[in-house]
Amino acid sequence: MKKVMFFLAATLVFMATGCNKENTVTDDVQYVSELKVNFEGDTKVSAAHSAAGLKFDWEDGDVIRILEDGNADSPIYNYVYDASSESFKPEDEGQKMVVGTKYFALKAVNPVSNFITVDEGKSIVKLNLKTGASDERGLPAIPLISDVFTADASGTVATMHHLCGVVEVPVNLSAEEAARNVTKFSIYSSDGKLAGYYTATPYPPYFLGTSTPESNTAYSEEKTTPYEAGDITVFIPVLPGTCTGVFLNVYFDNGSSGGTYIDKDRQLVVERGKITKVTQVNY
């Protein structure tokens, strides 16, 4: 049965199963060979906007990274979602969580190299909400981080927290512009950091702030089938913060682009884990 969650309520239940004798070394260290997910949802958009937020689903092959808390040299344990068992399993059978060790989970695209530091025993990670042409963009790239949890063979509970917000842009796309094959959108701020590098921690407040280099532009997903004329809704992940002078960029499949201002004089405040809706744009 497919499990879904809403954007504003993301709880990850880690049902950590201990291994048998084959997974126990001579010093009686036990390893977690399966990460069972038992909650309503995840980070991939699979349904339309609803009153409660955005629906998400895990997809077969999704990867979450498991890191040791307080260890700047922590190995990265990749656990991959297996849809048939509705659980995450180690990508490499030789790299599993150790029972009794404190970890946190991370769902983020391409963490930067040497991205873990430790401050007063607490982990800080440097991540990148990317905007390059070859990067995963839009809602599939939404990052999450969990609270710290201790791997336990009998089951462990941790809560996932969003690290960015989402700007919702209602667009009335004219037939003339739709005929030019619109495939993606972005928003640009003349005063505000929308994407790029940022720091986060598995402790409140989770999102710590942007770091250099930042970006004034954040992108939606790129569609393989162009948008049709009429009312559409565009969702763009954005780092938390305040921005002004927001401009909507519209991209066509021939490489050209156009655009228009969104609430030009309005101060746009984006909060972590929340959807900020702007005034409808006619284009």
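Definitions and limits used
Residues numbered from 1 in each chain as written. Predicted model: local features only at pLDDT ≥ 70, side-chain atom pairs only at ≥ 80, totals over all residues. Heavy atoms only, no water. Helix = DSSP H or I, 4+ residues; strand = E, 2+ residues; numbered from the N terminus. Contact = heavy atoms within 4.5 Å. Core = buried A, V, L, I, M, F, W, Y, C linked by side-chain atoms within 4.5 Å. Buried < 20%, exposed > 50% of the residue type's maximum accessible area, 1.4 Å probe, protein only. Polar contact = N/O pair within 3.5 Å; in protein donor to acceptor, adjacent residues only side chain to side chain. Salt bridge = Lys/Arg side-chain N within 4 Å of Asp/Glu carboxyl O. Phe/Tyr/Trp six-rings, centres within 6.5 Å; stacked < 30°, edge-to-face > 60°. Pairing = 2+ DSSP bridges. Axes fitted to C-alpha atoms, helices over the stretch in contact; angles between N-to-C directions. pLDDT = per-residue confidence, 0-100.

For the protein, the count of helices and strands is 1 helix and 26 strands. Sequence-distant contacts, at least 24 apart, represent 68% of the contacts inside the protein between residues at least 6 apart.

A general trend in soluble globular proteins is that nonpolar side chains are found buried together. Among the nonpolar cores identified, the biggest contains 43 residues, and Val 125, Val 169, Ile 187 and Leu 248 are the most heavily contacted of them. Looking at this core, the elements with two or more residues in it are strand E10 (102-107), strand E12 (122-129), strand E16 (165-173), strand E17 (182-191), strand E18 (195-200), strand E21 (230-238), strand E22 (241-252) and strand E24 (268-270). Ranked by residue count, the leading element in this core is E22, at 5 residues. Sequence-distant contacts of Val 169, defined by excluding residues within four places in its chain, comprise Ile 187, Ile 232, Thr 233, Val 234, Leu 248, Ile 262, Val 278 and Val 281.

In this section: the side chain of Thr 201. By the secondary structure assignment, Thr 201 is in the loop between E18 and strand E19 (207-215). Judged by relative accessible area, which is 6%, Thr 201 ranks as buried. A polar contact of 2.7 Å, which involves the side chain of Thr 201, links it to the backbone oxygen of Ser 123. Leaving out residues up to four positions away in the same chain, Thr 201 has contacts with Ser 123, Ile 145, Tyr 206 and Leu 208.

Close approach of charged atoms allows side chains of opposite charge to pair. Within this structure, the stated rule accounts for 3 salt bridges. Here Glu 177 and Arg 180 are joined by a salt bridge, their closest N and O atoms 3.1 Å apart. The buried category is assigned to Glu 177, whose relative accessible area is 13%. Where Glu 271 meets Lys 274, a salt bridge forms, and the shortest distance between an N and an O atom there is 3.4 Å. Take Glu 271: its relative accessible area is 40%, and that puts it in the partly exposed class. Note on Lys 274: relative accessible area 41%, which makes it partly exposed.

As a further point, take the packing of aromatic side chains. All chains considered together, the criterion is met by 6 aromatic pairs. With 5.8 Å between their ring centres and 85° between their planes, Tyr 77 and Tyr 103 make a pair best called edge-to-face. Of this pair, Tyr 77 sits in strand E7 (residues 77-82) while Tyr 103 sits in strand E10, and the two are 26 residues apart along the sequence. There is no split in this pair, since Tyr 77 and Tyr 103 are both buried.

Take the sheet that holds E12 next. The sheet built from 4 strands is open, its strands ordered E11-E12-E18-E19 with antiparallel pairing. Across the chains shown, the open sheet's two edge strands, defined by having one partner strand only, are strand E11 (116-119) and E19. Strand-to-strand twist across the sheet, computed as the mean angle between neighbouring axes with direction ignored, equals 25°. Looking at chain direction, E12 and E18 are connected through 5 bridges and run antiparallel. When the sheet's bridge partners are listed, Val 125 is paired in E18 with Ala 200.

A few words now on the environment of Pro 237. Here Pro 237 shows up in strand E21. Sequence separation between Pro 237 and Gly 138 is 99 residues, and the spatial gap between their C-alpha atoms is 6.0 Å. Beyond its immediate stretch of four places on either side in the chain, Pro 237 contacts Leu 129, Gly 138, Leu 139, Ile 142, Cys 164, Gly 165, Val 166, Leu 194, Ala 218 and Tyr 219.

Further remarks concern unusual backbone geometry. Here the residue pair Pro 204 and Pro 205 is connected by a cis peptide bond, since its omega of 10° sits within 30 degrees of zero. Secondary-structure assignment places Pro 205 in the loop between E18 and E19. Here the residue pair Thr 212 and Pro 213 is connected by a cis peptide bond, since its omega of -10° sits within 30 degrees of zero. Even without a glycine there, the phi angle at Glu 120 is positive, about 55°. Note on placement: Glu 120 falls in the loop between E11 and E12. Residue Glu 120 is classed as exposed on the basis of its relative accessible area of 77%.

On to the confidence of the model for the protein. Reading fine detail from the predicted coordinates is not recommended where pLDDT is low. Across the protein, pLDDT averages 76, with 74% of residues at or above 70. Taking the mean pLDDT of every element in the protein, the minimum, 34, falls on strand E4 (residues 44-45) and the maximum, 96, on helix H1 (residues 175-178).

Quick look at the pairing of E7 now. Side chains Tyr 77, Tyr 79 and Tyr 81 project from E7 onto a buried face, and the interleaved Asn 78, Val 80 and Asp 82 project onto a face without burial. Sheet topology note: the strand E6 (residues 63-68)/E7 ladder contains 4 bridges and is antiparallel. What sits directly across from Ile 64, in E7, is Tyr 79. With 4 bridges connecting them, E7 and strand E8 (residues 87-90) associate as antiparallel partners. Each residue of the ladder has a partner; that of Asp 82, found in E8, is Ser 87.

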